Amino acid sequence: MPLNLILMGPPGAGKGTQAHRLAQRLHVPAISTGDMLRDEGKQGSALGRDAKHYMDRGALVPDALIISIIEARLQREDCSHGFILDGFPRTVVQAEALDRALHRLGWSLHRVGSLTVPTDEVVRRLSGRRTCRDCSTPYHVALDPPAKRDTCDICGGTLQQRADDHESVITARLEVYARDTAPLLDFYRRRGLLAEIDGLGKHDDVLASLLAHLTVVNGDRPAAAS
Ligand code: AMP
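Residues numbered from 1 in each chain as written. Predicted model: local features only at pLDDT ≥ 70, side-chain atom pairs only at ≥ 80, totals over all residues. Heavy atoms only, no water.

A few points about the overall build of the protein chain
Across its full length, the protein chain carries 9 helices and 8 strands. In terms of overall dimensions, the protein chain is globule-like: its C-alpha atoms have a radius of gyration of 17 Å, near the 17 Å expected for 226 residues. When the 226 residues of the protein chain are sorted by exposure, 46% land in the buried category. Summing over all exposed atoms, the protein chain offers an accessible surface of approximately 11600 Å²; the carbon and sulfur share of this is 51%. A distance of 1 Å separates the average location of the 29 positive side-chain charges in the protein chain from that of its 29 negative side-chain charges. (Helix = DSSP H or I, 4+ residues; strand = E, 2+ residues; numbered from the N terminus. Rg over C-alpha atoms; globule rule 2.2 N^0.38 Å. Buried < 20%, exposed > 50% of the residue type's maximum accessible area, 1.4 Å probe, protein only. Areas by Shrake-Rupley, 256 points an atom, 1.4 Å probe, with all protein chains shown as cover. Lys, Arg positive; Asp, Glu negative; His and termini not counted. Charge placed at Lys NZ, Arg CZ, Asp CG, Glu CD.)

As structure tokens, this is what we get:
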């Protein structure tokens, strides 16, 4: 049975970092809708241009658009043993569409992890975040700076600040999270799927909590997680 997981939490909670680390441990893909939209933007596609209008002001792109992207992505071969969704679903409409898509594929959702981080900490993380323009490796100006200013340690690419990590847009993103996405916590809690995990602390400790809470299915630990 595929290990189908969702990672939730406000912007800046560390979903992207932890989704990648979980993906490596569990041998399933981490699927970030934000990354998929940014890739479309880099390629200059019509979809990328449309999405950018919403993204740059911290708004959500329309449900129908993001649902069709995710439906197509889940059908790819690399999802056959499971996946970790990062940044989807973000509304109840999206969560219901995901249920239907999984049902069509004969799959179900195993666990939903929600990383909890206080608001002042997410603002600090987001406003200092920089990302390599070429390979997307994340840095933080104070907490995790590159060896050479504005230059990626991995590929030498230039670091840039995401347009939506500017402070005025951060506020809008947090409001959207509280209004549209936080209600999903109850949606999944009621179904017994939600695990709330402290997102503060060292990356390795957060990963260990996630692994402990998300990979137990009906009391058993799937082979992929052992
Ligand atoms: P993220 O990288 O997850 O912080 O997403 C960046 C931006 O992409 C969000 O602020 C939205 O504008 C857009 N986005 C990503 N995922 C979704 C989604 N599931 N629904 C709507 N918009 C999304």
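Let's pick the thread back up.
Some points on the site of the ligand
Around the ligand, the structure places 16 residues, and the nearest of them are Thr33, Arg38, Ala59, Gly87 and Gln94. Thr33 places a side-chain nitrogen or oxygen 2.8 Å from a nitrogen atom of the ligand. With respect to the ligand, the side chain of Arg38 contributes an N or O atom lying 2.8 Å from an oxygen atom. Top contributing element to the shell around the ligand by residue count: helix α2 (residues 33-43), with 4 residues. Residue composition of the shell around the ligand, by class: 7 nonpolar, 4 polar and 5 charged. (Near = heavy atom within 4 Å. Polar contact = N/O pair within 3.5 Å; in protein donor to acceptor, adjacent residues only side chain to side chain. Nonpolar A, V, L, I, M, F, W, Y, C, P; charged D, E, K, R; others polar.)

A word on the pairing of strand β4 (residues 111-116)
The buried fraction of β4 is high, at 5 of 6 residues. In this structure, strand β1 (residues 3-8) lies alongside β4, joined through 4 bridges in parallel fashion. Across the sheet, the residue bridging to Met8 is Ser114, located in β4. Note that β4 and strand β8 (residues 194-198) share 5 bridges and pair parallel. Opposite Gly113, over in β8, you have Ala195 as the bridge partner. (Pairing = 2+ DSSP bridges.)

So, the environment of Arg189
With respect to the helices and strands, Arg189 occurs in helix α8 (residues 183-190). Distance from Arg189 to Gln160, taken between C-alpha atoms, is 37 Å for residues 29 residues apart in sequence. Residues within four places of Arg189 in sequence aside, it is in contact with Leu194 and Glu196. (Contact = heavy atoms within 4.5 Å.)

A short note on the sheet that holds strand β5 (residues 129-132)
Overall, antiparallel pairing links the 3 strands, which are arranged β6-β5-β7 in an open sheet. Two strands close off the open sheet at either side, each with one partner strand: β6 (138-140) and β7 (159-160). Note that β5 and β6 share 3 bridges and pair antiparallel. Residue pairing across strands places Arg130 opposite Tyr139, the latter belonging to β6. In this fold helix α6 (residues 119-127) packs onto β5 and β6, with an angle of close to 40 degrees to the strand it touches most, β5. (Axes fitted to C-alpha atoms, helices over the stretch in contact; angles between N-to-C directions.)

Looking at the pattern of salt bridges
Summed over all chains, the structure comprises 16 salt bridges. Close ionic contact of Arg104 with Glu71 constitutes a salt bridge, the shortest N to O distance being 3.1 Å. You can see Arg104 sitting in helix α5 (residues 92-105) and its partner Glu71 sitting in helix α4 (residues 63-74), a full 33 residues away along the chain. A relative accessible area of 57% places Arg104 in the exposed class. (Salt bridge = Lys/Arg side-chain N within 4 Å of Asp/Glu carboxyl O.)

Examining the nonpolar core
In summary, soluble globular proteins display a tendency toward joint burial of nonpolar side chains. Counting residues in each nonpolar core, the largest one holds 30 residues, and the members touching the most others are Leu74, Leu85, Leu98 and Tyr188. Counting residues per element, the ones that place at least two in this core are β1, α3 (46-55), α4, β3 (82-86), α5 and α8. Per element, the largest residue contribution to this core is 5 residues, and it comes from α4. In this view, Leu74 contacts Ile31, Cys79, Phe83, Leu85, Leu98, Leu102, Leu105 and Trp107; residues no more than four positions away in its chain are not counted. (Core = buried A, V, L, I, M, F, W, Y, C linked by side-chain atoms within 4.5 Å.)

What about the state of the cysteines?
Evaluated as defined, the whole model comprises 0 disulfides. With no disulfide partner, Cys155 has as its closest neighbouring cysteine sulfur the one in Cys132, 3.5 Å distant. (Disulfide = S-S within 2.5 Å.)

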